[in-house]
Amino acid sequence: MTWVPHITNRIFGAALSVLLYASSIAYLAGPVIGIPFDGAQIVELVHSLPEWAKVSGKTLLAAPFAYHFWMGVRHTAWDLIKLTSVKQVTRSGYAAIAAAIVSTAYLVSM
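Along each chain, the written sequence defines residue order, and numbers are assigned to residues from 1. Note on the predicted model: pLDDT of at least 70 is required for a residue's local features to be given, and 80 or more for side-chain atom pairs to be given and counted; whole-chain, interface and lining totals, by contrast, use all residues. Derived side-chain values reflect all non-hydrogen atoms in the structure, with water molecules and hydrogen atoms excluded from consideration.

Draft legend 1. Structural view of the confidence of the model for the protein chain. A residue's pLDDT is the confidence the predictor assigns to it, expressed on a 0 to 100 scale. Here the protein chain shows a mean pLDDT of 92. Residues at 70 or above account for 99%. Strands are runs of DSSP state E lasting at least two residues, helices are runs of H or I lasting at least four, and both sets are numbered from the N terminus onward. At the level of individual helices and strands, the protein chain shows its lowest average pLDDT in helix 2 (residues 39-48), which scores 89, and its highest in helix 3 (residues 51-79), which scores 96.

Draft legend 2. Just the packing of helix 3 against helix 4 (residues 86-109), in detail. Helix axes are fitted to C-alpha atoms over the stretch in contact, other axes to C-alpha atoms as well, and angles between N-to-C directions run from 0 to 180 degrees. Packing of helix 3 against helix 4 leaves a shortest axis separation of 8 Å and a crossing angle of 145 degrees. Helix-helix and strand crossings are classified by hand; for helix 3 and helix 4 the assignment is right-handed. Taken together, the residues of helix 4 that come into contact with helix 3 (itself represented by Val55, Lys58, Thr59, Ala62, Ala63, Phe65, Ala66, Tyr67, Trp70, Met71, Arg74 and Trp78) are Val89, Ser92, Gly93, Ala96, Ile97, Ala99, Ala100, Ser103, Thr104, Leu107 and Val108. Less than a right angle of anticlockwise turn of the near helix away from the far helix marks a crossing as left-handed, whereas a clockwise turn marks it as right-handed. We call two residues in contact whenever any of their non-hydrogen atoms come within 4.5 Å of each other.

Draft legend 3. Focus on unusual backbone geometry. The phi dihedral of Ile81 is positive, around 60 degrees, even though this residue is not glycine. At Leu83, a position not held by glycine, the phi torsion is positive, near 55 degrees. Turning to its location among the elements, Leu83 is positioned in the loop between helix 3 and helix 4.

Draft legend 4. Focus on a nonpolar patch on the surface. Note on patches: the residues involved have over 30% relative accessible area and no salt bridge, like charges join within 9 Å, and the nonpolar side chains Val, Leu, Ile, Met, Phe, Trp and Tyr join within 5 Å. To be clear on the numbers: accessible area is Shrake-Rupley with a 1.4 Å probe, and residue cover counts the displayed protein chains and nothing else. Basic side-chain nitrogens of Lys or Arg form a salt bridge, by our definition, when they fall within 4 Å of a carboxyl oxygen of Asp or Glu. A surface patch of nonpolar side chains, amounting to about 560 Å² of accessible area, comprises Tyr27, Leu28, Ile42, Leu45, Val46 and Leu49. By secondary structure assignment, the location of Leu45 is in helix 2. Its relative accessible area of 53% is what places Leu45 among the exposed residues. Exposed residues in this analysis have more than 50% of their type's maximum accessible area, buried residues have under 20%, and partly exposed residues fall in between, with area computed by a 1.4 Å probe over protein chains only.

Draft legend 5. Structural detail: the nonpolar core. Judged by nonpolar contacts, Ala66, Tyr67, Met71, Ala96 and Ala100 together constitute the single largest core of 5 residues. At the level of secondary structure, the elements contributing two or more residues to this core comprise helix 3 and helix 4. Considering every element that reaches this core, the biggest residue donor is helix 3, with 3 residues. In contact with Met71, not counting residues within four places along its chain, are Pro5, Asn9, Gly93, Ala96 and Ile97. Buried Ala, Val, Leu, Ile, Met, Phe, Trp, Tyr and Cys residues that are joined via side-chain atoms within 4.5 Å together make up what is termed a nonpolar core.

Draft legend 6. Summary view of the packing of helix 1 (residues 3-33) against helix 3. Helix 3 packs onto helix 1 with a crossing angle of 125 degrees between their chain directions and a minimal axis gap of 9 Å. One finds that helix 1 runs oblique with respect to helix 3. Every pair of crossing elements has a handedness; the one defined by helix 1 and helix 3 is left-handed. Between helix 1 and helix 3, the residues in contact are Pro5, Thr8, Asn9, Phe12, Gly13, Leu16 and Leu19 and Leu61, Pro64, Phe65, Tyr67, His68, Met71 and Arg74, respectively. Here the residues of the contact of helix 1 with helix 3 sort into 9 nonpolar, 4 polar and 1 charged. For this classification, under 35 degrees means roughly parallel, over 145 means roughly antiparallel, 65 to 115 means roughly perpendicular, and everything else is oblique. Gly is put with the polar residues, along with every residue not named as nonpolar or charged; the nonpolar set is Ala, Val, Leu, Ile, Met, Phe, Trp, Tyr, Cys and Pro, and the charged set is Asp, Glu, Lys and Arg.

Written as structure tokens, this is what we have:
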């Protein structure tokens, strides 16, 4: 319970960063290169999707975000020299995963 959450946290953080930069570049460069990519079209696209696709998309975005957030909170506790015994590290890992699952369910339900 020590290294697997650490690696997945880094992978999810990198994936979220790539998604943010790619969508930002597409939003800025799209009109310049002739591919319209603006807020109204994104809203129309999402509105036209079936419900299962909306829930799947929200889950694919919310799960890495929630996981990365709660693992960051866990890491901040370590920076404050809290939860540093092996037993506490294991428990905080499970707590962060549980919080991520609850947070993901909440974000998807919005």
